[in-house]
Amino acid sequence: VVHDGALWLPEVVASIASQSRSVDQIIAIDTGSIDASPKLLKGAKIPTLSAPRDLGFGSAIQQAVEKLPASVSGAHEWLWILHDDCAPTPTTLEKLLEAVIDRPQVVMAGPKLLGWHDRTHLLEVGVSIAGNGARWTGLEKNEYDQGQRDGISDVLSVSTAGALIRRDVFEELGGFDPELALFRDDVDFGWRARVAGHAVIVVSDAVAF
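Residues numbered from 1 in each chain as written. Predicted model: local features only at pLDDT ≥ 70, side-chain atom pairs only at ≥ 80, totals over all residues. Heavy atoms only, no water.

A. Seen up close, the side chain of S37. Of note, S37 is situated in helix α2 (residues 37-43). Ignoring any residue separated from it by four or fewer positions in sequence, one finds S37 in contact with V2, D4, G5, A6, L9 and D30. (Helix = DSSP H or I, 4+ residues; strand = E, 2+ residues; numbered from the N terminus. Contact = heavy atoms within 4.5 Å.)

B. Looking closely at the nonpolar core. The biggest cluster of nonpolar side chains holds 25 residues, and the ones touching the most others in it are I61, M108, V158, I165, F170 and F176. When residues of this core are traced back to their parent elements, those giving at least two are α3 (57-66), β4 (106-114) and β10 (199-208). Here the element with the most residues in this core is α3; it accounts for four residues. Those residues in contact with I61 that sit more than four places away from it in its chain are V1, I81, F170 and F176. Counting 21 residues, the second largest nonpolar core, distinct from the first, contains I16, C86, V100 and A208. (Core = buried A, V, L, I, M, F, W, Y, C linked by side-chain atoms within 4.5 Å. Buried < 20%, exposed > 50% of the residue type's maximum accessible area, 1.4 Å probe, protein only.)

C. View of the pairing of strand β1 (residues 28-31). Residues of β1 alternate between two faces, with A28 and D30 on one and I29 and T31 on the opposite face, all of them buried. At this point the chain moves from β1, through α2, to the parallel strand β2 (residues 48-51), and the crossover so formed is right-handed. (Right-handed = clockwise from strand over helix to strand, strands pointing away.)

The following block contains the structure:
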């Protein structure tokens, strides 16, 4: 999903193209960008849907998913959700897929998220809910990544930035709630997935900035 993302898009597009496990299909949905984002997407030859500027993130994802071909019966397809300021490292998709292939109960997996400018700044390794209902990462402020949170862990949810989600479950659960703001829809979806009997994991070998 792209919304005035021209500052980050060149690196994001390059990072998608450099994946060790190539994506099978890519769709961008531009929500009324007034910067050079549409031109950059066109130059990268990425199929792009245009949407109103006030369209929310969840609704934008839903529009893109509806444009995908119908699922192949009996096959698990995966949606890889990326923000316009989320640049995965070259092995991110490969590592996410490796983690879910032997864990059939997992329907959502996310990478370790590090800062864009300070790439040692640990932003998220999964998310949960604090006692007061706030979205909670469990991290210290400006926590430095030294591998102290590494591994594959069961979590309540992961950020939508870089999340790998099984398509059939995404559709069965109705996708992201369009009424929730960005940075809340992820917790809500992970919560609903777990209530439905599925698992959510964070995979630290997969990294995105």
